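Below are the chains, spelled out letter by letter.
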Amino acid sequence: MEKLQFFECNKCSKQTFPKKFFCSNCGNIDFDLIDAPEGKIKEISVIRHMLGNKDWQPRKIANIQTDTGVSLTVGIEDNIQIGDILNIYSKDGAPFAKK
Amino acid sequence: MIFDSRIVGIGQSIYTRHPGEDQTVHNLMRDATSNALRDANLDLKDIDGLAIASFSISPDSAIDIAWRFGLSLNWLLQDPNGGSSAMNMLGHASRAIQTGAAKNILILAGDATGLEGYAKIANSYNSATRDHLSPLGHGGPNGVYSLVTSRQMKEYNLSKSDYANLLISQRNWASKNPYAVYKDTLTHEEYNAAPMVADPLCRYDCVPVVAGAYSIILSAEDNKKLEKQVKVRSFFQSFNYDNQEGDGTRTGIINFVDKLYDQAKLSPSDIDVYSIYDDYPAIVLAQLNDLKVIKDSNMKEYLRNMNNEIIPINTWGGMLSAGQPGGMAGGLNGIGEVALQLQDRAGNRQLNNAKYGIVTGYGMTLYRHGGTVSAAILEGE
Ligand SMILES: [Zn+2]
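First things first, this report covers the structure right here in the doc. This is a predicted model, so every value here is computed, not measured.

For the rest of this paragraph, the subject is the packing of helix α6 (residues 141-155) of chain B against helix α10 (residues 281-290) of chain B. Residue and element names in this part refer to chain B. Where α6 meets α10, the axes come as close as 9 Å, and the angle between the chain directions of the two elements is 50°. Classified by the angle their axes make, α6 and α10 are oblique. By crossing handedness, the relation of α6 to α10 is classed as left-handed. Contacts between α6 and α10 involve Tyr145, Val148, Thr149 and Gln152 from the former and Ala282, Ile283, Leu285 and Ala286 from the latter. In terms of residue class, the contact of α6 with α10 is made up of 6 nonpolar, 2 polar and no charged.

As structure tokens, this is what we get:
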């Protein structure tokens, strides 16, 4: 899998995800695409039920936070725990975190 | 601005988990409209403004409803802001009446998406959800607010079972609401044993989707049949207050809470009844906390005390027990309920001496939590 791409303001270096059209810090419109840095798992949920889907198998999602101040929601494998430091990848644009 | 418009009519349709063939969104909206007109003592020809919110009237728009309902209007609004749309419509309609743009405005919301339709809406709610959340199997808003709830539990030292009293209180109220889809009382044991949907949210923490419609009529003149008129004393909103960079445990209410009370010349202790938008229990608590209702932000103690008192919050049962007809009519139901309480018309749910009420709307889950919130103080006099 490829690393997830963050958007980094090329004026003030504030990072964001998903894509923004103005930097919320300085108003700049130009961003560099960068590989997402590592993040720390903060909260985990198990999605046990999916509306309209009878054959749903439970799966986990998590809130992950990078040192650069970006929080995002990621898919994770079952063995991941709160506090784990993970790399953030892209599965067709959807963030997925792995060791 | 202090608004002079009055809530002169309230009407709703049946709420049902399993709509029959003729319980379409248009039919349900027709029923809510008929009931509101009768309540307001007005005819269709008296209505000169229409505000409407619905996920499921598509491909129709507000003007189609005007045509099919036989309404000829000076003023028209369609609001797509989910859980905040009812409050948004109340604000716009109040200002329209204040400025003379319309005299009698029908505010109407309803949905009959069915569960599959709702799932579709939930998974493509906006492009961020469609592109970055749905592919994870995040379970729609349940997944989003499971993570917000976990953060609230951590920050306010709450355990899962602490939330039970809020759900039990609302279910007690729902047992007195003939329109509620769940009227059976709820015990701590049942709450604690309920199957998880998205940890830590169990079945009772997630709103039951229903088909239904709700309507209120706002007017420049009193409804002479009513002993008490209900007016909007204070109204404020916040949109995208934190760029989704906060943790969702606070709401945009913190941007206006002091102005909200100041404009009405009231303080939090003056409020007698609340309709707090209740898509999830954690969001009810977050709003109450931001409204300065929870002493010292001690949510644990606040929830514990709910065991001993009648808590005048969501006295119709809220969406969590009565049902969520989209987020839109659910929000409108909260406004209508406070108006009924302030007019002494809430039947066996009636509180004693209710003069001031707060209503809120919360919604539009952008990515990590809701981006819109509105609150108003209503007065009955
Ligand atoms: Zn910048």
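After that view, the rundown keeps rolling.
Residue and element names in this part refer to chain B. Applying the stated criterion across every chain yields a total of 0 disulfides over all chains. We note that Cys202 lacks a disulfide partner, and the nearest cysteine sulfur, in Cys206, lies 7.2 Å from it. Relative accessible area serves as the criterion here: at 1%, Cys202 is assigned to the buried category.

Moving on, we come to the side chain of Asp290(B). Looking at the secondary structure, you find Asp290(B) in helix α10. Residues contacting Asp290(B), with those up to four places away along its chain left out, are Arg250(B), Thr251(B), Ile253(B), Ile254(B) and Val257(B).

A few words now on the coordination of the zinc ion. All names here are of chain A. Distances from the zinc ion to its protein donors, Cys9 (SG), Cys12 (SG), Cys23 (SG) and Cys26 (SG), fall at 2.3 to 2.4 Å. Here the zinc ion is ringed by 4 donor atoms whose angles at the metal span 98 to 117°, and the overall shape comes out tetrahedral. Mapped onto the sequence, the donors of the zinc ion take the spacing C-x2-C-x10-C-x2-C. Placement of Cys12 in the loop between β2 (5-9) and β3 (15-16) and of Cys26 in the loop between β3 and β4 (31-35) is noted, with a sequence separation of 14 residues between them. Its relative accessible area of 29% is what places Cys12 among the partly exposed residues. On the accessibility criterion, Cys26 (36% relative accessible area) is partly exposed.

On to helix α4 (residues 114-123) of chain B, then. Think of an α-helix as turning once every 3.6 residues; residues three or four places apart then point the same way. All names here are of chain B. Taken as a whole, α4 has its buried residues at Tyr118, Ala119 and Ala122. Buried positions in α4, seen along its axis, are confined to an arc of 105° and lie on one side of it. Facing away from the buried side of α4, by more than 90 degrees, are the exposed residues Glu116 and Lys120. Looking at the buried positions of α4, the neighbouring elements they touch are α5 (127-133) and α6.

This part takes up the pattern of salt bridges. Residue and element names in this part refer to chain B. Taken as a whole and assessed by the stated rule, the structure comprises 22 salt bridges over all chains. We note a salt bridge from Arg30 to Asp31, for which the minimum N-O separation is 3.1 Å. Here Arg30 falls in the partly exposed class, since its relative accessible area comes to 43%. Take Asp31: its relative accessible area is 29%, and that puts it in the partly exposed class. Residue Asp43 is joined to Lys45 by a salt bridge in which the shortest nitrogen-to-oxygen separation is 3.2 Å.

Cut-offs and rules
- The numbers attached to residues start from 1 for each chain and follow its sequence in the written order.
- Key to labels: chains lettered from A, ligands numbered from 1, both in the order written.
- With the structure being a predicted model, the display of local features is reserved for residues of pLDDT at least 70 and the display and counting of side-chain atom pairs for 80 or more, all residues being used for whole-chain, interface and lining totals.
- Excluding hydrogens and water, the side-chain values take into account all heavy atoms of the structure.
- Axis definition: a line fit to C-alpha positions, over the contact stretch in the case of helices; interaxial angles, taken between N-to-C directions, run 0 to 180 degrees.
- Secondary structure follows DSSP: runs of H or I at least 4 residues long count as helices, runs of E at least 2 residues long count as strands, and numbering of each begins at the N terminus.
- Here roughly perpendicular refers to angles of 65 to 115 degrees, roughly parallel to angles under 35, roughly antiparallel to angles over 145, and oblique to all remaining angles.
- Should the near helix be turned counterclockwise from the far one by less than a right angle, the crossing is left-handed, whereas a clockwise turn marks it as right-handed.
- Contact definition: two residues touch when any of their heavy atoms are within 4.5 Å.
- Side-chain classes follow a simple rule in which Ala, Val, Leu, Ile, Met, Phe, Trp, Tyr, Cys and Pro form the nonpolar group, Asp, Glu, Lys and Arg form the charged group, and the remainder, Gly included, forms the polar group.
- We call a pair of cysteine sulfur atoms a disulfide whenever their separation is within 2.5 Å.
- Per-residue accessibility, obtained with a 1.4 Å probe over protein chains only, is compared with the maximum for each type, and a residue is labelled buried under 20%, exposed over 50%, and partly exposed between these values.
- For Na, K and Ca the donor cutoff is 3.2 Å, while for all other metals N, O and S atoms count as donors only within 2.8 Å; water does not appear among the atoms, so some sites may look incomplete.
- Metal sites are grouped by the angles between bound donors: all angles between 85 and 135 degrees with four donors is tetrahedral, opposite donors over 155 degrees apart with the others between 65 and 115 is square planar for four donors and octahedral for six, and any other pattern is irregular.
- This arc describes the spread of directions from the helix axis toward the C-beta atoms.
- A pair is scored as a salt bridge if a Lys or Arg side-chain nitrogen falls within 4 Å of a carboxyl oxygen belonging to Asp or Glu.

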